[in-house]
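Structural overview
Next come the chains, spelled out residue by residue.
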Amino acid sequence: MSSVRAYRQIQRRPSRQIRVGSVLVGGDAPISVQSMTNTPTTDVRATVEQIRSMERVGVDIVRVSCPDRESALALKEIVRQVQVPVVADIHFHYKRAIEAAESGAACLRINPGNIGSADRVREVVKAAKDHGCSMRIGVNAGSLEQDLLEKYGEPCPEAMVESALNHAKILEDHDFREFKISVKASDVFLAVAAYQGLAEACDYPLHIGITEAGGLRAGTVKSSIGLGMLLWAGIGDTLRVSLSAEPAEEVLVGYEMLKSLGLRRRGVTVISCPSCARQNFDVIRTVEVLEQRLAHITTPMTVSVIGCVVNGPGEARETDIGLTGGGNNTHQIYVAGQPDHRLKDRNIVDHLVAMVEAKAAAIEAAKTAAPEAAE
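So, here is what we can say about the structure in this document. (Residues numbered from 1 in each chain as written. Predicted model: local features only at pLDDT ≥ 70, side-chain atom pairs only at ≥ 80, totals over all residues. Heavy atoms only, no water.)

1. Describing the nonpolar core
Note on soluble globular proteins: their nonpolar side chains tend to be buried together. As a reminder of what qualifies: Put simply, a nonpolar core is a bunch of buried Ala, Val, Leu, Ile, Met, Phe, Trp, Tyr and Cys residues held in one set by side-chain atoms that sit within 4.5 Å of each other. The buried label goes to any residue with under 20% of its type's maximum accessible area, the exposed label to any with over 50%, and the partly exposed label to all in between, with areas taken from a 1.4 Å probe on protein chains only. Starting at the N terminus, helices and strands are each numbered in turn, a helix being any DSSP run of H or I of at least four residues and a strand any DSSP run of E of at least two.
Core analysis: the biggest nonpolar cluster contains 81 residues, and L108, M135, M160, F179, I181 and L231 have the highest contact counts within it. Per element, the largest residue contribution to this core is eight residues, and it comes from helix α7 (residues 188-201). Residues V283, V289, I321 and M355 belong to the second largest nonpolar core, which totals 23 residues.

What follows is the structure, encoded as structure tokens:
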């Protein structure tokens, strides 16, 4: 539900806007959610299928590693078969960047200071301009330049910001400003401080992430702490949640972060209680199955599932559809915050899914009808 409450308002950091294929990044564009494939890029079929699995859960941008010529050339076929913009991940070799741009990459992830002479940088910039590619400067605490490590003694926020700005200047000197920047670290404190410093030092759009965050549970928690701090402060124009898990999981977690802060809405937000002895139905199992059954819904909607009457009616007032547990295996269903009808135990999930699907269909039909009525 929309809100005018001041404590819910996040003022995003003003930044210039760039384009990654069809996706705008920075400025007033929605914060986009990214992930990365882990299949061999030369295995076009497997890579395309993995990208499609991310598309099904709403990914905006996908990054693909191009460690060799065969991978960079394989991009041409991959790009043809997917809907989302593809970022080519390039390290060191400038020819891979040129080949990826020629193959249809929407963006090049490359640090210009690492690819050699000014002539090589000039060739990469020309390829990017010729083929409409933007770039991402990607600084990582684990691979800082040796001179900066000697200057600062260790990876630190100042070193990461200086590295990012050094790379940015190289592109600026070649009259190229269609780029975003990241300064990632696996240490939450280091990453957050680096992004805070970079946000003050430039107006380029920022790609935020806590790199190498860990497995699904630990990585989600760690990323939520770091990215949550940044997003709450208005820092971040596109994000990736780096998990040792299936790429689609990264996308789902990313959207949940944005939904929890009211920065983007996609699909059903389920508000549910942790359950206790007062529960009048199995809340945990109901929510588990309900979330699985509603995963296909993309229309933004809120559903509350509360086990008893202590908080149930109050939560239902704030959601589109609500369920509050009651006695004798009979529960109360709310619609738009108002009591609507009662429901028996055995039908809970099927009933809620049918209600959500019907409401989603009505919302989408109204969207379609609105432009037609205006004509």
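2. Focus on the pattern of salt bridges
Stated formally: For this document, the term salt bridge refers to a Lys or Arg side-chain nitrogen within 4 Å of an Asp or Glu carboxyl oxygen.
Scanning all chains against the criterion turns up 20 salt bridges. The partner of D60 in a salt bridge is R264, with the nearest N and O atoms 2.7 Å apart. Of this pair, D60 sits in the loop between α1 (44-56) and β4 (61-65) while R264 sits in the loop between α9 (247-260) and β11 (268-272), and the two are 204 residues apart along the sequence. Connected through salt bridges with shared partners, the residues R12, R13 and D237 form a single ionic network.

3. Overview of the side chain of R13
As a reminder of what qualifies: Whenever a nitrogen or oxygen atom comes within 3.5 Å of another N or O atom, the pair is scored as a polar contact, on the condition that within protein one atom can donate a hydrogen and the other can accept it, and that pairs from neighbouring residues in sequence are kept only if both atoms are in side chains. Whether two residues are in contact is decided by their heavy atoms, any of which lying within 4.5 Å being enough.
If you trace the backbone, R13 turns up in the segment before β1 (18-20). For R13, the side chain forms a polar contact with the main-chain oxygen of A199, separated by 3.2 Å. In terms of polar contacts, R13 uses its side chain to reach the backbone carbonyl oxygen of Y204, at 2.6 Å. Discounting chain neighbours no more than four positions away, the residues touching R13 are A199, C202, D203, Y204, P205, L206, G234 and D237.

4. Looking at the pairing of strand β7 (residues 134-140)
We count it as follows: Strand pairing is assigned whenever DSSP detects at least two bridges linking the two strands. Assignment of crossover handedness uses the view with strands pointing away from the viewer, where a clockwise path from the first strand over the helix to the second indicates a right-handed crossover.
With seven of its seven residues buried, β7 lies for the most part within the structure. Burial along β7 is two-sided: the face carrying S134, R136, G138 and N140 and the face carrying M135, I137 and V139 are both buried. Direction of pairing for strand β6 (residues 107-109) relative to β7: parallel, over a ladder of three bridges. Note on β7: the bridge partner recorded for C107 is S134. Taken together, β6, helix α4 (residues 118-130) and β7 constitute a β-α-β crossover, and its handedness is right-handed. Sheet analysis places β7 next to strand β8 (residues 179-184), joined by six bridges and oriented parallel.

5. What to know about the sheet that holds strand β15 (residues 338-344)
Strands pair in a sheet through their backbones, by hydrogen bonds, and they do so in one of two ways: parallel or antiparallel. Put simply, the rule is: Lines are fitted to the C-alpha atoms to define the axes, a helix being fitted only along its stretch in contact, and any angle between axes, read from their N-to-C directions, falls within 0 to 180 degrees.
Taken together, the five strands give an open sheet; going across it, the order is β11-β12-β13-β14-β15, and neighbouring strands pair in mixed fashion. Both outer strands of the open sheet, β11 and β15, are each paired with one neighbouring strand and no more. Along the sheet, successive strands turn relative to each other by an average axial angle of 20°, direction set aside. Bridge analysis of β11 against strand β12 (residues 301-306) gives five bridges, and the strand direction is parallel. Across the sheet, the residue bridging to I271 is S304, located in β12. Along the sheet, helix α10 (residues 283-293) makes contact with β11 and β12, crossing β12 at roughly 160°.

6. Some details on the packing of helix α8 (residues 216-232) against α9
In plain terms, the rule: For classification purposes, an angle smaller than 35 degrees is called roughly parallel, one larger than 145 roughly antiparallel, one from 65 to 115 roughly perpendicular, and anything else oblique. Two helices crossing with the near one rotated counterclockwise from the far one by less than a right angle form a left-handed crossing, whereas a clockwise rotation gives a right-handed crossing. When residues are grouped by polarity, Ala, Val, Leu, Ile, Met, Phe, Trp, Tyr, Cys and Pro land in nonpolar, Asp, Glu, Lys and Arg in charged, and all others, Gly among them, in polar.
The N-to-C vectors of α8 and α9 enclose an angle of 40°; their axes lie 10 Å apart at closest approach. By the angle class used here, α8 and α9 are oblique. With respect to the hand of their crossing, α8 and α9 are arranged in right-handed fashion. Residues L216, T220, S223, S224, L227 and L231 of α8 form the contact with α9, whose own contacting residues are E249, V253, M257 and L258. Considered class by class, the residues forming the contact of α8 with α9 number six nonpolar, three polar and one charged.

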